[in-house]
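Per-entry structural report
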2 protein chains.
Amino acid sequence: MHYNSLITNAFVICSILLFSVPQSFNQNVGPTVKMTNGQVWPKPALQHIYDEYLTFEPENFNFNNTGYSCDVLQDAFKWYNSMLFLKATNTFKQNTSLSTDSIIGKMEVLNVQLTNPCENYPSLNMEEKYEIKINNSSGLLVATSIWGILRGLETFSQLVYLETDGSTFVIRRTTIVDYPKFRHRGFLLDTSRHYFPIESITKTLDAMSYSKMNVFHWHMVDDQSFPYQSSAFPNLSEKGAFGKSAIYTKDDVRRVIEHAKLRGIRVIPEFDTPGHTLSWGLGGIPGLLTECSDSDTNQFGPIDPTVEKNYNFIRTLLSEVSELFQDNYLHLGGDEVDSSCWTTNKKIQHFMERNNMKNVLELKDYYFANIFNITRSLETVPIVWEEIFDENIHLDPKAVVHVWKDYYDHSIVSKVMKSGHPVLFSSCWYVNYIKYGTDWPKFYRCDPTSEAGHNPLFLGGEACMWGEFVDETNLLPLTWPRTSAVAEVLWSHTLNETDAKYRIEEHVCRMRRRGIPAEPANGPSYCHY
Amino acid sequence: MHYNSLITNAFVICSILLFSVPQSFNQNVGPTVKMTNGQVWPKPALQHIYDEYLTFEPENFNFNNTGYSCDVLQDAFKWYNSMLFLKATNTFKQNTSLSTDSIIGKMEVLNVQLTNPCENYPSLNMEEKYEIKINNSSGLLVATSIWGILRGLETFSQLVYLETDGSTFVIRRTTIVDYPKFRHRGFLLDTSRHYFPIESITKTLDAMSYSKMNVFHWHMVDDQSFPYQSSAFPNLSEKGAFGKSAIYTKDDVRRVIEHAKLRGIRVIPEFDTPGHTLSWGLGGIPGLLTECSDSDTNQFGPIDPTVEKNYNFIRTLLSEVSELFQDNYLHLGGDEVDSSCWTTNKKIQHFMERNNMKNVLELKDYYFANIFNITRSLETVPIVWEEIFDENIHLDPKAVVHVWKDYYDHSIVSKVMKSGHPVLFSSCWYVNYIKYGTDWPKFYRCDPTSEAGHNPLFLGGEACMWGEFVDETNLLPLTWPRTSAVAEVLWSHTLNETDAKYRIEEHVCRMRRRGIPAEPANGPSYCHY
């Protein structure tokens, strides 16, 4: 991570909180946890904060581009201009708490210096480091990559806050050098158990960017429905989607990818096989799914690995998919394959005998050998769920293993890395599991850092929102701020739950001001604006 | 419940389902539970359903008032006209499933016959019975009370459904005689732990009416905040509310009451004392709360029952409240009184000695004797939480006991009734407690009928949404359809969870069409329109 540092002096993590740490009100009156003002989520790597303030005249503030530029940057200026100075919808009880002698001036410009040309799309190795210096009327944001600039603009927008008088926007004098702990900070959305309108997805992408998450893992299809509209196989969605309006066209997908790119977010699709494919069976691909027995032709199992033309079908489908999606990673699934239909189907048994396969794992191995051949030919890096590794299936040398089992036993992480494969981690971040009360600390306390060590094979992780009980009605409040806890674990270098408790209150209110209906984080609360 | 029956023949509960009971799709593909079409929630007392259909031309349908009328009725016609023929937003995959020879005509008019003048406000003893007959182009709805007409219009609106072609509205030939099992079918909303905008409340009232609930229990104030704007004591909300925008003015309250009345819903306010009043202490009423000790004047406990002028304060406040709210019931709370500050405060100890009080329960008894004097003078029927009964506090003879503890031990219900007091039941209907997955059956299976017997002292019950972790962002999806399960238990005379499973799917989609973001009921699902 070579970097021409703007700020040459060594930084110390300023745990000296110069601003006052808010206390709970006396005896349970009012909010349980009082929110911070102008604190950043996730916590920056290094931040020096002074008890000196600059005020804004919103109409006299602007971003000044002093380096490279591109559409993404221009869009970001517009986006943040629209959010920096959102008016108070609620009003405060108090007057301003700032003393006039702590105000050191007016903030008029943020100079934004991108020192390299923009890249077209975000990728695993994108640079996200940025530095911010706010100490007089012109602040400075500098980064070597457009993605770092996006992260820095998000941070800058979070430094700006509305004073308790409800009308004065202020920013603290501060310097920040910030970069993520892990490269892959993802959110999985399952759009098969319930269909989500595109607006739910773009709102999700917005909210992800507010917590500096950078991968949207689109678990697009599964047993229950097949909403992806393939041009080669239109019947897959025509027959396999919940309804004619429950389909993602290629234009829908492009819209999501474009929106994600503007937020510095990769979009990785998952086409989970050979299990989790019952809805594929409605699409009129003859012989695709395994018939469970010769007597009952209504019962189907996983994709039939013995039918050669199934691989042609998958090649065509994945080829279309990898061309549509810009990322060079592709999630192949591989989890929870119920092989009982493979063992009850005589044709498959004969195939195994002919090919000297002793058990269904060898059949699964054969299946994945074929699939990895396909992904290699597409120059796509495959991601597979943990089972494929656990079952000793031969992996593509580049394959990433996505660990999701074993909430308590994280030793699988080091086993995978020892085998030379990169790891994604999700075991304790299934945000679809909800419980009464405050449960973000549950996600926050699950820190895989000790397992990850400094091994670059540990790419990061993902919060997973499986869709059985979630749809457009409850997705956003259930996801936020709970997923923000995962985002901080993946970004921040030091974690402090007590400190986070106050900041997450502010983060909730910030998200709500920006149109994300984030639910209460810590109990009784109130967003002042 | 005397009633001039329109349909003189004895009715039999038609459990013969002439329409086809939907099955789950093959093998987990598609929705877990397929929704019904034109089925009613909550299940009517008596319904005869025929496999014959009438279609609608929406522009040629109207309500025809043949009896008494009033503003409530005229508003209801408008309201249901706006919801009867909502267009499909999603489109179906199928063609119509109706055979042409099952269509017996076009439905052109619903004759609505209210046989008595309208009452001004709903009340505990309002009549809600109605009868519906749909067998030719002019249907008939008849009831002796405006409230019965409202329930009948709701039922009628649920009988109408959109066919699978996405354009034909139909209704089955049917006759219904329906009336509630219990008189009090309430929903408690706690607006103190979080403030809810009026729109959240009116939407909640709408959703309640879709499940024929009839009491909005407004738990308005508590420890955390005091949003009620009193004209006698404006500082209570000025100081005790979360913020200047987190206040319910009298006009706000009137708006809620008026909206509720149009839906046939009573509004019962709760001003919980002597505990749960910490936020009251900010309002500048000297001596209101008990100082916990002489040394630390920052710690406060319940209302100080030894200060005579506190009763004047409460009298003035409750007098204002009972005048504003139209219902003659008033919830006085009385739960969870932490008496430790009473026992540590020397002045209170002296008072108890002077008055020969042996323990704090006698002090609490003294407090409630004073409060019941006030409610009697206001001609208001008090409701108190279970503790007051459990602790053998002397109750006002008319006092209603609201049972909320003892999830497993419902014997308290019969104890209360044996003492001659009416009962409200909430023990297993705390809908703020959520768990992952499908939990409406948990509420549905809790049926207090066996405890209630046919004792008229069992008034009914309430689903309770305590506000610690709920606010405007997640209230509606968390409340619906889970609360609908409670509504059916309180309305319907026979409960069948399997049957309910299919109907609740339709009810969810119906609520969503009407603007209530009801969350998925049973897992993977899709609303076709």
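None of these values were measured; they are calculated from a predicted model.

1. Topic: the packing of helix α3 (residues 198-210) of chain A against helix α5 (residues 250-262) of chain A
All names here are of chain A.
- Two numbers describe how α3 lies on α5: the axes approach to 10 Å, and their chain directions differ by 15°. It follows that α3 is roughly parallel to α5 by the angle criterion. Note on packing geometry: the crossing formed by α3 with α5 is right-handed. Residues I198, E199, I201, T202, L205 and D206 of α3 touch α5, and the partners they reach there are D252, R255, V256, H259 and A260.
- By residue class, the composition of the contact of α3 with α5 is 5 nonpolar, 2 polar and 4 charged.

2. What about α5(A)?
Residues and elements named next belong to chain A.
- The terminal C-alpha atoms of α5 lie 18 Å apart, and with 13 residues this matches the ideal 18 Å at 1.5 Å per residue to within 8%.
- When α5 is considered as a whole, its buried residues turn out to be D252, V253, V256, I257, H259, A260, K261 and L262.
- On the buried face of α5, the contacting elements are α1 (71-84), α2 (146-159), α3, β10 (215-219), β11 (266-270) and α6 (308-324).
- Phi turns positive one or two residues past the end of α5, at G264, with a value near 70°.

3. Considerations on helix α11 (residues 411-418) of chain A
Residue and element names in this part refer to chain A.
- Taken residue by residue, α11 has I412, V413, V416 and M417 as its buried positions. Down the axis of α11, the buried set is contained in an arc of 135°. They therefore lie on one face.
- A positive backbone phi angle near 95° is found at G420, which sits one or two residues after α11.

4. Considering the pairing of strand β14 (residues 329-333) of chain B
All names here are of chain B.
- For β14, a buried count of 5 out of 5 residues is recorded, marking the element as mostly surrounded by other parts of the structure.
- Pairing of strand β11 (residues 266-273) with β14 involves 2 bridges; the strand directions are parallel. Following the sheet pairing, E270 is matched in β14 by H331.
- Judged from the 4 bridges that link them, β14 and strand β15 (residues 381-385) form a sheet pairing that is parallel.

5. Section: the interface of chain A and chain B
- Residue-level contacts link 55 residues of chain A with 56 residues of chain B.
- Contact between chain A and chain B buries roughly 4600 Å² in total, counting both sides, with carbon and sulfur atoms accounting for 56%.
- Applying the counting rule to chain A against chain B returns 4 salt bridges.
- Here R512(B) and D471(A) are joined by a salt bridge, their closest N and O atoms 2.5 Å apart.
- Applying the counting criterion to the chain A and chain B interface returns 14 residue pairs in polar contact (both at pLDDT 80 or more).
- Considering only residue class, the side of chain A that touches chain B consists of 20 nonpolar, 23 polar and 12 charged.

6. Some details on the environment of I383(A)
All names here are of chain A.
- Note on placement: I383 falls in strand β15 (residues 381-385).
- Expressed as a C-alpha distance, the spacing of I383 and H402, which sit 19 residues apart in the sequence, is 6.8 Å.
- With residues near it in sequence (within four places) discarded, I383 still touches I268, Y329, L330, H331, L332, G333, V400, H402 and L424.

7. As for the confidence of the model for chain A
All names here are of chain A.
- Averaged over every residue, the pLDDT of chain A is 92; the share at 70 or more is 92%.
- Below pLDDT 50 for its whole length, residues 1-25 participates in 45 contacts with residues either more than four positions away or in separate chains.
- Two numbers describe this predicted complex: its pTM, 0.94, and its ipTM, 0.92.

8. Concerning the relation of the copies chain A and chain B
- The operation relating chain A to chain B is a screw motion whose rotation component is 180°, with 0.0 Å of axial translation and a residual RMSD of 0.0 Å. In symmetry terms, the pair is related by a two-fold rotation axis. Among all residues of chain A, the minimum C-alpha distance to the rotation axis is found for K435(A), at 2.7 Å.
- The share of interface residues of chain A whose copies in chain B are also at the interface is 100%, consistent with both copies meeting through the same surface.

9. Examining the pairing of β15(B)
Residues and elements named next belong to chain B.
- Most of β15 sits inside the fold, with 5 of its 5 residues counted as buried.
- Sheet topology note: the β15/strand β16 (residues 400-403) ladder contains 3 bridges and is parallel. Paired with V384 across the two strands is V401, which belongs to β16.

10. Some points on empty space enclosed by the protein
- Within this structure, the stated rule accounts for 17 cavities of 30 Å³ or more.
- By volume, the largest cavity is sized at about 200 Å³.
- Taken together, 21 residues form the lining of the largest cavity, with I434(A), F469(A), K435(B), G437(B) and E519(B) sitting closest to its centre.
- Here the residues of the lining of the largest cavity are counted per class, giving 12 nonpolar, 4 polar and 5 charged.
- Counted as a void, the second largest cavity has a volume near 150 Å³.
- Forming the boundary of the second largest cavity are 15 residues, of which K435(A), G437(A), E519(A), I434(B) and F469(B) lie nearest the centre.
- Per-class residue counts for the lining of the second largest cavity are 8 nonpolar, 3 polar and 4 charged.

11. Notes on the pattern of salt bridges
All names here are of chain A.
- Per the counting criterion, the structure on display carries 52 salt bridges over all chains.
- Two residues, R193 and E468, come together in a salt bridge whose shortest N-O distance is 3.8 Å. Placement of R193 in the loop between β9 (184-190) and α3 and of E468 in the loop between β18 (458-465) and α14 (475-479) is noted, with a sequence separation of 275 residues between them.
- With relative accessibility at 7%, the residue R193 sits in the buried group.
- The closest approach of N and O atoms between E497 and R445, which form a salt bridge, is 2.7 Å. Here R445 lies in the loop between α12 (440-444) and α13 (449-452) and E497 lies in helix α16 (residues 497-513), a separation of 52 residues in the sequence.
- The network of salt bridges with shared partners includes K43, E488, D499 and R503.

12. A short note on the side chain of H276(B)
Residue and element names in this part refer to chain B.
- Position of H276 among the secondary structure elements: in the loop between β11 and β12 (289-291).
- Under the relative-accessibility criterion, H276 is labelled buried at 11%.
- Among the polar contacts made by the side chain of H276, one reaches the side chain of D335 at a distance of 3.3 Å.
- Only 2.8 Å separates the side chain of H276 from the side chain of E336, close enough to count as a polar contact.
- H276 has contacts with R193, D222, D223, D335 and E336, leaving out every residue within four places of it along the chain.

13. Some details on the nonpolar core
- Formed by 280 residues in total, the largest nonpolar core has its most connected members in L153(A), F156(A), F216(A), L153(B), F156(B) and F216(B).
- Those residues in contact with F156(B) that lie beyond four places of it in its chain are F56(B), F61(B), F63(B), L84(B), M107(B), L110(B), I132(B), I134(B) and I171(B).

14. Observations regarding the sheet that holds strand β17 (residues 423-425) of chain B
- The sheet built from 8 strands closes into a barrel, its strands ordered β9-β10-β11-β14-β15-β16-β17-β18 (chain B) with parallel pairing. In this sheet, neighbouring strand axes are inclined to one another by 30° on average, regardless of whether the strands run parallel or antiparallel.

15. A look at the state of the cysteines
All names here are of chain B.
- Across all of its chains, the model carries 8 disulfides over all chains by this definition.
- Through a disulfide, C428 is tied to C446; the S-S separation comes to 1.6 Å. Judged by the sign of its S-S torsion, about -50°, the cystine formed by C428 and C446 is left-handed. Here C446 lies in the loop between α12 (440-444) and α13 (449-452) and C428 lies in the loop between β17 and α12, a separation of 18 residues in the sequence.

Analysis parameters
What you see as residue numbers is a count from 1 along each chain, following the sequence as written. Lettering for chains starts from A, numbering for ligands starts from 1, and both go in the order in which the items are written. In view of the model being predicted, local features appear only for residues whose pLDDT reaches at least 70, and side-chain atom pairs are presented and counted only at 80 or more, with totals across whole chains, interfaces and linings using the full set of residues. As a rule here, side-chain values cover all heavy atoms of the structure and leave hydrogens and water aside. Orientation is described by lines fitted to C-alpha atoms, with helices fitted over the stretch in contact, and by angles between N-to-C directions that extend from 0 to 180 degrees. Numbering goes from the N terminus for both helices and strands, where a helix is a DSSP run of H or I of at least four residues and a strand is a run of E of at least two. Roughly parallel means an angle under 35 degrees; roughly antiparallel means over 145; roughly perpendicular covers 65 to 115; every other angle is labelled oblique. The hand of a helix crossing depends on one turn: near helix anticlockwise from the far one by less than a right angle means left-handed, and clockwise means right-handed. Whether two residues are in contact is decided by their heavy atoms, any of which lying within 4.5 Å being enough. Under this grouping Gly is polar, as are all residues other than the nonpolar Ala, Val, Leu, Ile, Met, Phe, Trp, Tyr, Cys and Pro and the charged Asp, Glu, Lys and Arg. Expected helix span is computed as 1.5 Å times (number of residues minus one). Exposed residues in this analysis have more than 50% of their type's maximum accessible area, buried residues have under 20%, and partly exposed residues fall in between, with area computed by a 1.4 Å probe over protein chains only. The arc in question is formed by the directions pointing from the helix axis toward the C-beta atoms. Any two strands with at least two DSSP-identified bridges between them are counted as paired. Values labelled buried area give the accessible surface lost by two parts on being combined, using a 1.4 Å probe and summing over both. One speaks of a salt bridge when a side-chain nitrogen belonging to Lys or Arg is within 4 Å of a carboxyl oxygen belonging to Asp or Glu. Polar contact is defined as a pair of N or O atoms within 3.5 Å, subject to the rule that within protein one atom must be able to donate a hydrogen and the other to accept it, and that residues adjacent in sequence are counted only when both atoms are side-chain atoms. Here pLDDT means the predictor's own confidence in every residue, given as a number from 0 to 100. Least squares is the method for superposing the copies, and the C-alpha atoms it fits come from residues with pLDDT of at least 70 in both. Here a cavity is any set of points on a 1 Å grid over the protein atoms alone where a 1.4 Å probe fits but cannot get out, and a pocket is any open set with protein on both sides within 12 Å along at least 5 of 7 lines; a residue lines the site when it has an atom within 4 Å of a point. Grid points are joined across faces, edges and corners, and a volume is the space filled by probe spheres set on the points. For the purposes of this section, nonpolar cores are sets of buried Ala, Val, Leu, Ile, Met, Phe, Trp, Tyr and Cys residues that join through side-chain atoms within 4.5 Å. Disulfides are defined in this document as cysteine sulfur pairs within 2.5 Å.

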